[in-house]
Each structure stands twice: as C-alpha cells, then as structure tokens.
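Now for the letters of each chain:
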Amino acid sequence: MDVPSSLDRSSFATDEAPGGISHPDRDAAAWLAAIVENSDDAILSKKLDGIISSWNPGATRLFGFSAEEAVGRPITIIIPEDRLSEEAEIIGKIRRGERVRHFETVRQRKDGRLVDISLTVSPVRDAEGRIIGASKIARDITEAKMAAERQSLILREMNHRIKNLFALTAGLVTVSARGASDIDDFIADLSGRIASLARAHQLTLPDLAGDVQNAATTLKSLLGAILAPHEDRSSSSIHVRGEDVAVGPRSLPSLALLFHELATNAAKYGVLSASGGTLSVNIGTGNDILSVHWIEAGATGDRVLPVHEGFGSHLEKASVRGLQGSIEREWRPDGLAVAMRFPLGALAS
C-alpha cells in the first residue's frame with residue numbers, strides 16, 4: 001500500500017462507523033500515517049517502473065528533496081551513477097516477492113553530497129496480492145560508520161604501538177645489560193629509560209578518545225616531561241626556548257630516548273651533576289628542517305667526562321637515524337654543545 005506524501009489525520013479522526021465507534025481499518029490507517037509522518041527515517045514508496053509515489057518528511061530531511069519535488073520523479077534522483085546497478089538488482093528481488101533487509105549503501109542528496117544509509121525494501125501488493133511497487137525505509141548511518149572507522153583506526157594504531165613497544169623494550173634490555181657494571185646499575189639504567197618512555201607516551205593518551213591522527217604532542221611538551229625530574233634534583237637552571245613543533249606518535253619513542261640519554265648524561269657527567277650551571281635547549285625551524293641546540297654551560301665543581309662511547313651513545317645514534325636526522329657534539333671548556341637536525345616531516349609522522 002502506498003503511503004501518502006501528505007497526511008491529514010483529522011479526516012481519519014472524524015470518520016466513524018455507525019454508533020460513534022471508529023472504523024478499525026480507518027483507525028489503523030491513521031496510526032500508520034502518523035508513524036510515517038513523524039519517523040526520523042526516510043520512508044518512501046515507488047512503483048515497479050521506479051517512479052516515486054510517496055515521500056515522508058524524514059526523506060526530505062535525509063535527501064533534501066521536498067515531497068513536491070520527489071513524487072512523480074524516478075528514484076534514480078537519489079542514486080549515484082556508480083550505484084545505479086543496485087536499483088536493477090533491488091527491483092528484481094521485489095518482483096520475486098523478496099525483501100531486502102538492512103542493505104548498507106550510499107545515496108546522493110539534492111545538493112550532491114553523498115550519505116551512507118541502511119536500506120530496507122519491501123514489496124507492496126494490491127488487494128489481489130499482485131506486486132505493484134516497493135516501500136523503502138532508509139536510515140542515515142554516516143555517523144555510525146565514521147565512529148566505526150575511527151574505532152578501527154585506533155585499534156590498528158594501538159596494535160602497532162604495542163608491537164613497537166615490545167620490540168623497543170627488548171632492545172632496551174639488551175642495551176642496558178651490555179653497559180651495566182652490576183645488577184643494580186642495570187636496573188637503574190633500564191628503569192630510567194622505560195620511565196622516560198612512559199612519561200613521553202602519557203602526553204598522547206588524552207587524544208586517543210578522538211581522532212588517532214591527532215594523537216600527537218609537541219617538542220616542548222616532550223622536553224618538559226623528560227627534564228622535569230632533573231629540575232627537582234639539580235641546582236642548575238634549565239631553559240627551553242624557541243619554536244614549538246608537532247611530534248607524531250611514531251617519532252615520539254625515538255625522540256624520547258634521545259633526550260633521555262642527553263639528560264641522563266648531563267646528570268651523570270655534565271651541567272646537571274654540578275651546581276650553578278645552565279642547560280639551554282634552543283629550537284628553530286627553517287627550510288622544513290628542525291634544529292635543536294642542547295647547550296650545557298657554566299657549571300662549577302668536578303666535571304667528569306666519559307672516557308669512551310657507551311651503549312647510550314649508540315642508542316642516541318640509532319634514534320637519530322630512525323628520524324632521518326643528524327647529531328654533532330662539541331666539548332667546550334665550560335660544557336657541551338650538541339647540535340641536532342631533523343626533517344620536520346619525519347617528526348610529524
């Protein structure tokens with residue numbers, strides 16, 4: 001039965017059987033008309049030749065065409081060109097008396113925008129039981145599909161991070177074990193590196209509830225997290241100056257380990273091991289390159305210089321290579337200068 005495109009429920013309310021009792025068929029029709037009229041879903045009907053015969057307000061909200069614009073026109077006004085074959089398949093099933101349930105597809109609005117829908121199509125029969133058309137119920141599932149895609153993306157990203165974390169932790173165990181003189185030294189060294197990574201990753205956790213592509217932090221936030229423990233323990237002053245840049249989730253572990261090694265060495269041998277000195281981290285960008293200058297100067301007291309390149313240095317170099325960057329050290333009379341350069345594109349990934 002075709003659902004009228006314009007409904008007048010008052011006509012049903014006054015149509016009574018003898019004795020003042022509402023006619024059951026008329027009453028049922030009034031209820032059906034009210035449901036169709038007020039449904040949030042698009043409810044429409046079409047003839048077997050594809051011409052639209054009814055169109056409810058929900059269809060107007062979903063597709064943008066008014067009932068006057070839609071009724072009498074072919075259903076293809078809302079079907080994208082690359083989906084026209086679907087209509088022939090649907091009509092074929094309807095002619096065989098089959099129902100199409102929860103068919104997810106894409107339809108086109110009056111303004112040309114595409115919308116994801118879940119479509120249910122049922123045959124419409126006349127009084128003799130002949131199939132004369134089809135009724136369609138379309139529900140907008142755009143938000144649901146977007147939410148599902150975001151969830152899938154987050155799960156894939158988390159799976160990727162967990163795999164990387166296991167591999168990274170295994171590597172850190174090896175590095176710390178080779179460079180440690182005893183078990184206590186091993187525990188302290190490994191714990192420090194893992195704690196540094198944990199602080200760095202904590203910076204991105206709030207964004208995981210949203211778009212994972214935005215799960216990034218900034219270089220200044222990362223440096224703040226790495227250097228915060230040393231600010232509490234050292235009498236030297238720490239300054240981070242210059243431009244701030246985005247750091248993506250994939251480049252974050254390498255940068256965290258790099259700056260952790262620099263801070264740890266400063267606490268063991270450099271400006272953070274003495275008093276009265278200054279650690280300055282100066283950040284600049286130009287020509288799609290990030291430049292970071294780590295400068296330790298002015299500390300007093302007994303300065304201890306590393307006598308050989310340890311595994312921490314190897315880890316630094318591996319981290320820099322992973323970021324497609326470079327690192328140079330210059331030992332000065334009053335301290336140390338480290339110059340690092342990275343492509344901005346590698347950091348944002």
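Residues numbered from 1 in each chain as written. Predicted model: local features only at pLDDT ≥ 70, side-chain atom pairs only at ≥ 80, totals over all residues. Heavy atoms only, no water.

(A) Broad picture of helix H9 (residues 252-268). For H9, spanning 17 residues, the distance from its first C-alpha to its last is 24 Å, which sits close to the expected 24 Å at 1.5 Å a residue. Counting buried residues along H9, 13 of its 17 residues qualify, which places the element largely inside the surrounding structure. (Helix = DSSP H or I, 4+ residues; strand = E, 2+ residues; numbered from the N terminus. Expected span 1.5 Å × (residues − 1). Buried < 20%, exposed > 50% of the residue type's maximum accessible area, 1.4 Å probe, protein only.)

(B) Spotlight on the sheet that holds strand E4 (residues 52-55). Ordered in space as E4-E3-E7-E6-E5, the five strands form an open sheet in which the pairing is antiparallel. Each of the sheet's edge strands pairs with one partner strand only, and the pair in question is E4 and strand E5 (100-108). Across the sheet, the axes of successive neighbouring strands diverge by a mean angle of 30 degrees, strand direction being ignored. Together, strand E3 (42-47), E5, strand E6 (114-125) and strand E7 (131-140) form the strand contacts of helix H5 (residues 84-95), whose direction differs from that of E5 by roughly 155 degrees. (Pairing = 2+ DSSP bridges. Axes fitted to C-alpha atoms, helices over the stretch in contact; angles between N-to-C directions. Contact = heavy atoms within 4.5 Å.)

(C) Structural detail: the sheet that holds strand E11 (residues 278-286). Reading across the sheet, the five strands line up as E9-E11-E12-E14-E13 and stay open at both edges, with mixed pairing between neighbours. Looking at strand neighbours, the two that pair on one side only are strand E9 (237-242) and strand E13 (326-332), the edges of this open sheet. Pairwise comparison of adjacent strand axes, ignoring direction, gives a mean angle of 10 degrees for this sheet. Two strands pair when backbone bridges link them, and E9 and E11 are joined in this way by six bridges, in the parallel orientation. Across the sheet, isoleucine 238 pairs through a bridge with leucine 279, a residue of E11.

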